[in-house]
Amino acid sequence: MATSTSTRSKLSIIGAGAVGSSLAYAALIRGSADEIALYDLDQKKVDAEVRDLGHGTQFTPSSGVTGGNNIEVVKDSNVVIITAGAKQKPGQTRLDLAATNVNILKSLMPQLLEQAPDALYVLVTNPCDVLTVVAQKISGLPTYRVFSTGTMLDTSRLRFAIAEVARVSTAHVHATIMGEHGDSEFPVWSSARINSVPIRDWVDSTGKRMFDEVLLAQLGDEAMHAAYTVIEGKGATNYAIGLTGARLTEALLSGKRSVLPLSSVLDGFHGLHGVALSVPSLVSSNGIERVLDVPMDAQEITMLRRSAATLRESLKSLGF
């Protein structure tokens, strides 16, 4: 169980690039933690980001923003979110980034553990599923304390797309993407709902069913490839993942439990072991308390195992 000697909550963000700075900004304006620390090797960059964020704290719930290029800025954190790593380029898959970012993580994790031995560690750096396994093995921490945002953002993208078609609030859309945060992920349509109505039974004002198999496939593909479209247009995805990390931080600092699709090292989920995949997970200040055995049809279970096989190959090629 993650513990802290301080009554004030602290979030540390590793990496002051587009994702890390957007996460710091989102956490600041949402009040996700009492204190926010930003760490980066580039002193000039991180100092500028911290100063820029600090200038706006008169207008935010969170008031403490610190940072620098000294790893000690993360000391006594409750939550550490790792965004540092090579940036995904247009046309490049998340798995292409693996070797470079594994080496960064090998150097980084021991330093972080020395400063924040009781923290919960969250991977955002891609390929996050692969790096979750690597971080857990390097650190030796229990699997409930090392995990990634996984398909939490992909799920939000899917719900956004469904809500646009149905013309309802995203709050009423209940659909989840599972598996790899990448090209082998898949929507779990068998349990998808709008309010309490199965998505395949949702009708328009004339009584016509709106979500046929063609549209469902299109929506799933749109959610899967949304990052590539954004990266092609602006060079990075940062705002949505920043908000995702801020919301996850709130769940991890809360006394209440939330259910979120996160990627942790599995131990027996549908017979899968030693690979990190996103499945709906019960999370709290203890980290991932347990993964939930959600209903899936035979095709979805096959896709889950296919996603696991993809990640196992990547891990094997990296020596894990």
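Quick look at the structure, then. These numbers were taken from a predicted model, which means no experiment stands behind them. (Residues numbered from 1 in each chain as written. Predicted model: local features only at pLDDT ≥ 70, side-chain atom pairs only at ≥ 80, totals over all residues. Heavy atoms only, no water.)

### Brief notes about the overall build of the protein chain
Alright, step 1. Helices and strands together make up the secondary structure of the protein chain, namely 8 helices and 14 strands.
Alright, step 2. Relative to the 2.2 N^0.38 estimate, which gives 20 Å for 320 residues, the radius of gyration of the protein chain is 19 Å and therefore close to what a compact globule would have.
Alright, step 3. Along the first, second and third principal axes, the C-alpha set of the protein chain runs to 60 × 45 × 40 Å.
Alright, step 4. Looking at the 320 residues of the protein chain, the share that counts as buried comes to 53%.
Alright, step 5. Within the protein chain, contacts between residues separated by at least 24 positions form 71% of all contacts whose residues are at least 6 apart in sequence.
Alright, step 6. Total accessible area on the protein chain stands at roughly 14,300 Å², and carbon and sulfur atoms take up 50% of it.
Alright, step 7. If the 29 positive side-chain charges of the protein chain are averaged to one point and the 32 negative ones to another, these points end up 2 Å apart. (Helix = DSSP H or I, 4+ residues; strand = E, 2+ residues; numbered from the N terminus. Rg over C-alpha atoms; globule rule 2.2 N^0.38 Å. Buried < 20%, exposed > 50% of the residue type's maximum accessible area, 1.4 Å probe, protein only. Contact = heavy atoms within 4.5 Å. Areas by Shrake-Rupley, 256 points an atom, 1.4 Å probe, with all protein chains shown as cover. Lys, Arg positive; Asp, Glu negative; His and termini not counted. Charge placed at Lys NZ, Arg CZ, Asp CG, Glu CD.)

### Regarding the pairing of strand E4 (residues 79–82)
Alright, step 1. Residues Val79 and Ile81 point to one face of E4 and Val80 and Ile82 to the other, with burial holding for every one of them.
Alright, step 2. Two elements, strand E1 (residues 10–14) and E4, share 4 bridges in a ladder whose sense is parallel. Its bridge partner being in E4, Ile13 is matched across the sheet by Ile81.
Alright, step 3. Across 4 bridges, the pairing between E4 and strand E5 (residues 120–123) is parallel. Residue pairing for E5: Ile81 is matched across the bridge by Val122. (Pairing = 2+ DSSP bridges.)

### Concerning the nonpolar core
Alright, step 1. Grouped together as the largest cluster of nonpolar side chains are 44 residues, with contacts concentrated most on Ile82, Leu112, Tyr121, Met178 and Met296.
Alright, step 2. At the level of elements, E4, helix H3 (98–115), E5, helix H4 (128–139), strand E12 (258–269), strand E13 (272–284) and helix H8 (298–317) are the ones that each hand at least two residues to this core.
Alright, step 3. With residues near it in sequence (within four places) discarded, Tyr121 still touches Val80, Met109, Leu112, Leu113, Ala116, Leu141, Arg145, Val146 and Phe147.
Alright, step 4. Within the second largest apolar cluster, 32 residues are counted, among which are Ala27, Val46, Val50 and Leu262. (Core = buried A, V, L, I, M, F, W, Y, C linked by side-chain atoms within 4.5 Å.)

### So, the packing of helix H1 (residues 18–30) against helix H7 (residues 239–252)
Alright, step 1. Remark: H1 packs on H7, axes separated minimally by 8 Å, with the N-to-C direction vectors making an angle of 50°. Relative to H7, the element H1 lies oblique. Like other packed secondary-structure pairs, H1 and H7 cross with a definite hand, here right-handed. In this structure, H1 uses Val19, Ser22, Leu23, Ala26, Ala27 and Arg30 to contact H7, whose residues at the interface are Tyr239, Ile241, Gly242, Leu243, Gly245, Ala246, Arg247 and Glu250.
Alright, step 2. Across the contact of H1 with H7, the residue classes tally to 8 nonpolar, 3 polar and 3 charged. (Axes fitted to C-alpha atoms, helices over the stretch in contact; angles between N-to-C directions. Parallel < 35°, antiparallel > 145°, perpendicular 65-115°, else oblique. Left-handed = near helix turned anticlockwise from the far one by under 90°. Nonpolar A, V, L, I, M, F, W, Y, C, P; charged D, E, K, R; others polar.)

### Quick word on empty space enclosed by the protein
Alright, step 1. Under the counting rule described, the total for this entry stands at 1 cavity of 30 Å³ or more.
Alright, step 2. In this model, the largest cavity occupies a volume close to 30 Å³.
Alright, step 3. As for the largest cavity, its lining consists of Ile82, Ala84, Asn101, Ile104, Leu105, Leu108, Thr125 and Leu131.
Alright, step 4. With 4 residues, H3 is the single largest residue contributor to the lining of the largest cavity.
Alright, step 5. Partitioned by chemical class, the residues of the lining of the largest cavity number 6 nonpolar, 2 polar and no charged. (1 Å grid on protein atoms, 1.4 Å probe; cavity = no way out; pocket = protein on both sides within 12 Å on 5 of 7 lines; lining within 4 Å. Points joined across faces, edges and corners; volume = space filled by probe spheres on them.)

### Regarding the pattern of salt bridges
Alright, step 1. As enumerated under the stated definition, the model contains 7 salt bridges in all.
Alright, step 2. A salt bridge links Arg8 to Glu35, with the nearest nitrogen and oxygen atoms 3.2 Å apart. Of this pair, Arg8 sits in the segment before E1 while Glu35 sits in strand E2 (residues 35–39), placing them 27 residues apart in sequence.
Alright, step 3. On the basis of relative accessibility, which here comes to 27%, the residue Glu35 falls in the partly exposed class.
Alright, step 4. Between Glu49 and Lys45 there is a salt bridge, with the nearest N and O atoms lying 2.6 Å from each other. Remark: Lys45 and Glu49 occur in helix H2 (residues 43–54); sequence separation between them is 4 residues, near one turn of the helix.
Alright, step 5. Take Glu49: its relative accessible area is 16%, and that puts it in the buried class. (Salt bridge = Lys/Arg side-chain N within 4 Å of Asp/Glu carboxyl O.)

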